[in-house]
Amino acid sequence: MANYCSRCGALLKAGQKFCTNCGAVVGPAIPKNQDKTQILPHIPPQQPQPIRLQGQSYAPKNQMRYPSTGHDRSNKQNVIIGLLVGIIILLIGGFGFYVYSSSHQEAQEQTEPVASSSPSKTVEEQPSQTQSTTTTTASTPVGSDLMNFVQEKNAVDGEIANLASNINGYLSNHAIFRGNSYYSDQAKGLQVRLQRDMQELKNTQAMDEGKKQAILNLFQIEYRRVSGLYNGIMSSRQGGSYQPGFADGTNASYDFDAANADFKSKY
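Within any chain, residue numbers begin from 1 and follow the written order of that chain's sequence. With the structure being a predicted model, the display of local features is reserved for residues of pLDDT at least 70 and the display and counting of side-chain atom pairs for 80 or more, all residues being used for whole-chain, interface and lining totals. Processing note: side-chain calculations cover all non-hydrogen atoms of the structure and skip hydrogens and water entirely.

## Description of the overall build of the chain
Now for step 1: Numbering of helices and strands runs from the N terminus, with a helix taken as a DSSP run of H or I at least four residues long and a strand as a DSSP run of E at least two residues long. Helix and strand counts for the chain come out as 6 helices and 2 strands.
Now for step 2: The linear arrangement of helices and strands in the chain, starting from the amino end, is β-β-α-α-α-α-α-α.
Now for step 3: Only protein chains enter the calculation, and the probe is 1.4 Å; a residue is then buried if its accessible area is under 20% of its type maximum, exposed if over 50%, and partly exposed in between. Taken across its 267 residues, the chain has 23% of its residues classed as buried.
Now for step 4: Residue contacts are counted whenever heavy atoms from the two residues lie within 4.5 Å of one another. Relative to all contacts within the chain whose residues are 6 or more apart in sequence, the contacts with residues 24 or more apart total 64%.
Now for step 5: Working note: accessible area of the chain is about 19600 Å², and carbon and sulfur atoms make up 55% of it. For the area figures, the Shrake-Rupley method with a 1.4 Å probe applies, and any residue is considered shielded solely by the protein chains shown.

## What about the pattern of salt bridges?
Now for step 1: The term salt bridge refers to a pairing of a side-chain nitrogen on Lys or Arg with a carboxyl oxygen on Asp or Glu at a separation within 4 Å. Summed over all chains, the structure comprises 5 salt bridges.
Now for step 2: Put simply, Arg 193 and Glu 159 hold a salt bridge, and the shortest N to O gap is 2.8 Å. In this pair, Arg 193 sits in helix α4 (residues 182-202) while Glu 159 sits in helix α3 (residues 147-171), placing the two residues 34 residues apart along the sequence.
Now for step 3: Glu 159 gets classed as partly exposed once you look at its relative accessible area, which sits at 37%.
Now for step 4: Within the structure, one salt-bridge network assembled from shared partners comprises Glu 152, Glu 159 and Arg 193.

## Quick notes on unusual backbone geometry
Now for step 1: Here Leu 146, not a glycine, exhibits a phi torsion of approximately 65°, which is positive.
Now for step 2: For Leu 146, the location among the structural elements is in the loop between α2 (119-139) and α3.

## Focus on the environment of Leu 190
Now for step 1: The residue Leu 190 is located in helix α4 in this model.
Now for step 2: On the basis of relative accessibility, which here comes to 7%, the residue Leu 190 falls in the buried class.
Now for step 3: Between the alpha carbons of Leu 190 and Tyr 230 there is a distance of 9.7 Å; along the sequence they are 40 residues apart.
Now for step 4: With sequence-adjacent residues up to four places away left out, Leu 190 is seen in contact with Glu 159, Ile 160, Leu 163 and Val 226.

## Digging into α3
Now for step 1: The length a helix should cover is 1.5 Å for every residue beyond the first. For α3, built from 25 residues, the straight-helix expectation of 36 Å at 1.5 Å per residue is met to within 8% by its first-to-last C-alpha distance of 37 Å.
Now for step 2: For α3, every residue scored as buried is listed here: Phe 149, Val 150, Glu 152, Lys 153, Val 156, Ile 160, Leu 163, Ile 167, Tyr 170 and Leu 171.
Now for step 3: Buried residues along α3 sit in contact with α4, α5 (209-237) and α6 (243-266).

## Considering the environment of Arg 224
Now for step 1: Tracing the chain through its elements places Arg 224 in helix α5.
Now for step 2: Since its relative accessible area comes to 40%, Arg 224 is described here as partly exposed.
Now for step 3: As a C-alpha pair, Arg 224 and Ala 252 span 28 residues in sequence and 6.1 Å in three-dimensional space.

## Some remarks on the nonpolar core
Now for step 1: Within the largest apolar cluster, 31 residues are counted, with the highest numbers of intra-cluster contacts made by Ile 167, Phe 177, Ile 215 and Phe 246.
Now for step 2: Mapped onto this core, the elements with two or more residues apiece are α3, α4, α5 and α6.
Now for step 3: When residues of this core are assigned to their parent elements, the largest contribution, 9 residues, is made by α5.
Now for step 4: Those residues in contact with Phe 246 that lie beyond four places of it in its chain are Ile 167, Leu 171, Phe 177, Gly 228, Leu 229, Gly 232 and Ile 233.
Now for step 5: By nonpolar core is meant a set of buried Ala, Val, Leu, Ile, Met, Phe, Trp, Tyr and Cys residues that side-chain atoms within 4.5 Å join together. Cys 5, Leu 12, Cys 22 and Ala 24 belong to the second-largest nonpolar core, a separate cluster that totals 6 residues.

## Section: the packing of α4 against α5
Between two packed helices, what matters for the description is the angle formed by their axes and the separation of those axes.
Now for step 1: A fitted line through C-alpha atoms represents every axis, and for helices the fit uses only the stretch in contact; the resulting angles, taken between N-to-C directions, go from 0 to 180 degrees. α5 packs onto α4 with a crossing angle of 160° between their chain directions and a minimal axis gap of 9 Å. Judged by the angle between their axes, α4 and α5 are roughly antiparallel. Two packed elements cross with a definite hand, and for α4 against α5 that hand is left-handed. Throughout this description, any angle smaller than 35 degrees is read as roughly parallel, any larger than 145 degrees as roughly antiparallel, any in the 65 to 115 degree range as roughly perpendicular, and the remainder as oblique. Two helices that cross are described as forming a left-handed crossing if the nearer one is turned anticlockwise from the farther one by less than a right angle, and a right-handed crossing if clockwise.

## Digging into the confidence of the model for the chain
Now for step 1: Residues with a pLDDT of 70 or more make up 66% of the chain, whose mean pLDDT is 77.
Now for step 2: The low-confidence segment residues 58-69 (pLDDT under 50) makes 7 contacts with residues lying over four places distant or belonging to another chain.
Now for step 3: pLDDT expresses, on a scale from 0 to 100, how confident the predictor is about each individual residue. Scored below 50 in pLDDT, residues 113-140 makes 0 contacts in the model with residues more than four places away or belonging to other chains.

## Concerning the packing of aromatic side chains
Now for step 1: Any pair of Phe, Tyr and Trp rings, taking the six-membered ring for Trp, is counted once the centres come within 6.5 Å. Such a pair is stacked with planes under 30 degrees apart, edge-to-face with planes over 60 apart, and tilted for the rest. Under the criterion given, the structure shown has 7 aromatic pairs.
Now for step 2: Plain terms: the ring middles of Phe 177 and Phe 246 are 6.2 Å apart, the flat faces sit at 80° to each other, and that makes the pair edge-to-face. With Phe 177 in the loop between α3 and α4 and Phe 246 in helix α6, the pair connects residues that are 69 residues apart, well separated along the chain. The exposure classification of Phe 177 matches that of Phe 246, with both residues buried.
Now for step 3: Here the aromatic rings of Tyr 242 and Phe 246 are separated by 5.0 Å at their centres, their planes lie at 40°, and the arrangement is tilted. For the pair Tyr 242 and Phe 246, a shared accessibility class is recorded, and that class is buried.
Now for step 4: One aromatic cluster in this structure is built from Tyr 170, Phe 177, Tyr 182, Tyr 183, Tyr 242 and Phe 246.
Now for step 5: When the ring centre of Tyr 230 is taken as reference, the NZ or CZ atom of Lys 188 above it lies at 5.5 Å. Comment: the charge-over-ring label is applied if NZ (Lys) or CZ (Arg) is within 6 Å of the ring centre and within 35 degrees of the ring normal.

Below is the structure:
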């Protein structure tokens, strides 16, 4: 005869001590004529057990796995929402700081010109500055000190003296300059150079006009001197005598020495 659990009504196997469905202790069969109240006190109290559905295996109480509740999912959602809120707060704060910095910088730029400049004062000071400049210009001589022309005069004088020395050396071995154009070309080059120097000096505004005229006079004497050498050489190349031209050059050399000494004593 089949036995059933007196608690849950599950089918019991022969010799089974506990109900596999509800865990109730299996006792001897209760006679029909026995009062159930006498047996009930011997049944140990049990926790309510879920009713096993058809086709569902029952797991022992100590091996049951409780399904996860919605708290874990809710916690994760709360963390994600918290992170998003934090990011949004940081973005809003950064944007607010940027707007504040920009407005503060613009306020400084608009304020600084007003504090550092005084247009009316600048306009008032301009006449005094112009007047000071005009006074300085009026008290300072305008023009060149002609030092570069003095140096050029001395350089040309040295080259003429060197040319005359070379010509004398040539005449110690040659009677005439026929077939020799070397020295006449040098003399011609010095003539062109002196013409350029004199023209440039005439176009120069000098601080001292007396000094300017003295240098111009020395350039003219040097031109006479080198022209005497050139004319003597060309005359000899054409079959004439070089002596008249050289004599003019010698006389110009004496005049230059006297005028140059006077220039040095004055300037």
